[in-house]
Amino acid sequence: MLLALWTHATAERTAREELWEQLKAPRAFFLKDRGAVYRAAAELLQKAREHPAATEIVLTSLRVPRWPGGEAFPERERYLQEKMQILREERIPVRHIFNLPDEPSLERLLESEPGMLAKEGKGKAFLVKAFARGDDLPHIDVGAVKGIGVVFAFPDPLQRAWNAAGVRIDDPQIAEMAFRYFQALWEDPRGFLIFDRGDLKEEAVEALRRALQGEREEKIWILEDEGTLYQTAGDVVEKSLRIRVYAIGRGAPRSHHVGPYRERVLKRLQEDARVELRRITSADLDEDARKYLSGLAQHPNAALKGYPGEVDAPAILIGDQEVVIALGDRPTYELRHGIVIRDEKIAGMFREWFDQVLWVDSSLIPLKELRQVGLLPGALERLEGAARGVEVILDRNRDGAAFRKAREVIEQLAGPEDEILALVTYEGVPASLDQPRPAESERYRQEREAYRRALLDKARQGTAYRRVIAFRHREGRVAPGYVPDPMLDHLREMLKLRSEPGLRDLISLHWGEWRLDVHSFVVIPGKAALISLDRPSGSPAPAEARMDGVLVFYEPPRGDLVRHLEEIWRSIQASAAPIHEIPEPGG
């Protein structure tokens, strides 16, 4: 019994001492210069060879392409020796990523470990990927051993010095973070796998060599036939993660090259969830185009918008490093020729123009959002209706469909620099107390209130919101008994909002005489006009006329009608009186 207690106490004390030694020992070391960085990397590799917990090694050489590098010094030579010994032993899998600035650097790499191991028939646990002038790659190097630790190396931009300082961390969990960082780089499709477990991949080496030669080659290529055009477009799609398509030109007879190109796009979206595609499409849709958009919409990593106008415009495909501009023939508008620009910076400029100018245009019709699956309900119908210049929405189910459509138009088209000009007409005769009110469903009331909230929200966002209340009889006034209570509540909200700082000039409210035989209309100058289709309440009382539908006219192409309604509204408002307060019921 005493022996057992003594043994237990001794073991417990030993465990405490070991834990204390681990806690007391420093786990992070600052590496003050390049020699210290390579010395730490060599020691880490030596430890990996001797430690049974080491199961994988990852290394990067992500030097800035235009900086000098590759100098020989003792610490670096020792690091290379430790690395080559591990590669020849083939016990621990090793992956290494290089960022190469030019062809000579590729030749030096091929003469070193990959070439030597291939000749020796070794390197069965070694893989190498290389990038061609990856300017946008991160420039923090790692050397990590799974289960052991990691060395991070940092450049010095002032001295243009590579691996100028760093830190060594002896912690398996931090090493795991480094592995995740490495894996993201390894999966970048722009990298070329040039050495795979003892096999020097000649085709990949030649492709990498061509990529490194690209800076001295022509950056602009002419695509002289439709086969080359669609093949090049498909190639750009397959090696890009950020794909932008601008295709708002007129429809054309379908080429037999279109189908294979579209299949490559769908396959790319399916196989790599990191891909993000944004497409602005024309409203000129045939059955095949509808089917293609529906196919794109099945992928969460695609977003679609439609342009409701009709223009003659080239189609533009923007990839990570290339831009393809396709030109249409006349009179068929078929895409038969084009140019490709192979320049990463120019592609970035095009992508920025697409994302910050084209994509945010409020006249576009949303068809599908990122991360959702399937087209938005009725989206293609809205796009085609907008292209015709007019949409007719009927509230057949009495569920507020017309108000819902009006709200969508306001939310989509009215921006901070726009105005919303609204007019509504009432009889101007006091209501009798026993007059029956028209039946309204709860859904109908909800949609009406949501529409009016959207108008107020737009004012909060910087859109000018101006409303005129008109009466058919001169006795009319903006007060209970003359104007329906729900509208009075909305007008009170307008006045309350107008009193907030910065909103005084954005909200105006007037009342005047009726001049047009419509119950209500709304104008967004330069963009659209909405005219209500109302069912009269059957009496002069101020019950809300039931809105059975709405006509939406878009500019273009119905700019003449939009401008005409704007002129009518402004002429009424010019002679109308401002409203400063709304009497309360019984007041």
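Residues numbered from 1 in each chain as written. Predicted model: local features only at pLDDT ≥ 70, side-chain atom pairs only at ≥ 80, totals over all residues. Heavy atoms only, no water.

A. How the structure looks around the overall build of the protein. Counting secondary structure elements, the protein contains 16 helices and 25 strands. Burial analysis of the protein (587 residues in total) assigns 49% to the buried set. Considering only contacts within the protein whose residues lie at least 6 apart along the sequence, 78% involve residues at least 24 apart. Per element, the accessible surface of the protein, about 29,500 Å² overall, is 53% carbon and sulfur. (Helix = DSSP H or I, 4+ residues; strand = E, 2+ residues; numbered from the N terminus. Buried < 20%, exposed > 50% of the residue type's maximum accessible area, 1.4 Å probe, protein only. Contact = heavy atoms within 4.5 Å. Areas by Shrake-Rupley, 256 points an atom, 1.4 Å probe, with all protein chains shown as cover.)

B. Structural view of the confidence of the model for the protein. The pLDDT averaged across the protein works out to 83; a share of 85% of its residues lies at or above 70. Ranking the elements of the protein by mean pLDDT puts helix H1 (residues 2-24) last, at 47, and strand E3 (residues 94-100) first, at 94. For residues 537-542, every residue scores under 50 in pLDDT, and the model assigns this stretch 14 contacts once sequence neighbours within four places are set aside. (pLDDT = per-residue confidence, 0-100.)

C. Expanded view of the side chain of Arg 190. Its place among the elements puts Arg 190 in the loop between helix H6 (172-186) and strand E8 (192-196). What makes Arg 190 buried here is its relative accessible area of 17%. Within the local environment of Arg 190, its side chain forms a polar contact with the side chain of Asp 188, the two groups lying 2.8 Å apart. Not counting the four nearest positions on each side in its chain, Arg 190 is found in contact with Ala 130, Phe 131, Asp 136, Leu 137, Lys 239, Gln 321 and Glu 344. (Polar contact = N/O pair within 3.5 Å; in protein donor to acceptor, adjacent residues only side chain to side chain.)

D. Layout of the nonpolar core. With 80 residues, the main nonpolar core has Val 265, Leu 317, Tyr 465, Ile 469, Val 478, Val 483 and Leu 491 as its most contacted residues. Sequence-distant contacts of Val 478, defined by excluding residues within four places in its chain, comprise Ile 469, Phe 471, Val 483, Leu 488, Leu 491, Trp 511, Ile 579, Ile 582 and Pro 583. Within the second largest apolar cluster, 40 residues are counted, among which are Ala 41, Ala 54, Leu 117 and Ile 148. (Core = buried A, V, L, I, M, F, W, Y, C linked by side-chain atoms within 4.5 Å.)

E. A look at the pairing of E3. With respect to burial, E3 is a largely interior element, 7 of its 7 residues being buried. The two faces of E3 match: Val 94, His 96, Phe 98 and Leu 100 on one face and Arg 95, Ile 97 and Asn 99 on the other face are all buried. Note that E3 and strand E4 (residues 126-132) share 7 bridges and pair parallel. Along E4, the bridge assignment pairs Ile 97 with Lys 129. (Pairing = 2+ DSSP bridges.)

F. Seen up close, the packing of helix H4 (residues 103-111) against helix H7 (residues 202-213). The contact between H4 and H7 brings their axes to 9 Å, and the two run at 155 degrees. Judged by the angle between their axes, H4 and H7 are roughly antiparallel. Packed against H4, whose contacting residues are Glu 103, Leu 106, Glu 107 and Leu 110, the element H7 presents Val 205, Leu 208, Arg 209, Leu 212 and Gln 213 at the interface. Here the contact of H4 with H7 is built from residues that sort into 5 nonpolar, 1 polar and 3 charged. (Axes fitted to C-alpha atoms, helices over the stretch in contact; angles between N-to-C directions. Parallel < 35°, antiparallel > 145°, perpendicular 65-115°, else oblique. Nonpolar A, V, L, I, M, F, W, Y, C, P; charged D, E, K, R; others polar.)

G. Expanded view of the environment of Ser 105. Structurally, Ser 105 can be placed in helix H4. By relative accessible area, Ser 105 is classed as buried at 7%. A C-alpha to C-alpha distance of 9.9 Å links Ser 105 and Leu 212, two positions 107 residues apart in sequence.

H. Region of interest: the packing of aromatic side chains. All told, the structure shown has 10 aromatic pairs when counted by the stated rule. Ring geometry for Phe 182 and Trp 186: centres 5.7 Å apart, planes at 20 degrees, overall stacked. A residue pair is termed a helical-turn pair when its members lie 3 or 4 positions apart in one helix, as Phe 182 and Trp 186 do in helix H6 at 4 residues. For the pair Phe 182 and Trp 186, one class covers both residues: buried. Ring plane angle 45 degrees and centroid distance 5.7 Å describe the contact between Phe 403 and Tyr 451, whose orientation is recorded as tilted. Taken together, the positions of Phe 403 in helix H13 (residues 401-413) and Tyr 451 in helix H14 (residues 442-460) put the pair 48 residues apart, joining distant regions of the chain. This pair shows no difference in class: Phe 403 is buried, exactly as Tyr 451 is. Taken together, the aromatic side chains of Tyr 246, Phe 350 and Trp 353 make up a single cluster linked through ring pairs. Here Arg 95 stacks its cationic end above the ring of Trp 186, 5.1 Å away from the centre of that ring. Across from the ring centre of Trp 186, 5.2 Å away, lies the NZ or CZ of Lys 129, which sits over that ring. (Phe/Tyr/Trp six-rings, centres within 6.5 Å; stacked < 30°, edge-to-face > 60°. Lys NZ or Arg CZ within 6 Å of the ring centre and 35° of its normal.)

I. Geometry of the pattern of salt bridges. Applying the stated criterion to the full structure yields 42 salt bridges. Here Arg 445 and Glu 442 are joined by a salt bridge, their closest N and O atoms 2.7 Å apart. Here Arg 445 pairs with Glu 442, and both are found in helix H14, just 3 residues apart, close to one helical turn. A single salt-bridge network, built from bridges that share partners, covers Asp 399, Arg 404, Arg 407, Glu 411, Arg 443 and Glu 447. (Salt bridge = Lys/Arg side-chain N within 4 Å of Asp/Glu carboxyl O.)

J. Quick look at helix H3 (residues 74-89). Compared with the 22 Å implied by 1.5 Å per residue over 16 residues, the 23 Å span of H3 between its first and last C-alpha is a close match. When H3 is considered as a whole, its buried residues turn out to be Tyr 79, Glu 82, Lys 83, Met 84, Ile 86 and Leu 87. Close packing links the buried residues of H3 with helix H2 (34-50), strand E2 (57-61), E3, helix H5 (113-120) and E4. Following H3 by one or two positions, Glu 90 adopts a phi angle in the positive range, close to 60 degrees. (Expected span 1.5 Å × (residues − 1).)

K. Summary view of empty space enclosed by the protein. Applying the stated criterion across every chain yields a total of 2 cavities of 30 Å³ or more. Together, 22 residues line the largest cavity, and Phe 403, Tyr 451, Ser 520, Ser 532 and Met 547 are the ones closest to its centre. Every element with two or more residues in the lining of the largest cavity is listed here: H13, strand E19 (419-426), H14, strand E22 (520-524), strand E23 (528-535) and strand E24 (546-554). Here the lining of the largest cavity is composed, by residue class, of 15 nonpolar, 3 polar and 4 charged. (1 Å grid on protein atoms, 1.4 Å probe; cavity = no way out; pocket = protein on both sides within 12 Å on 5 of 7 lines; lining within 4 Å. Points joined across faces, edges and corners; volume = space filled by probe spheres on them.)

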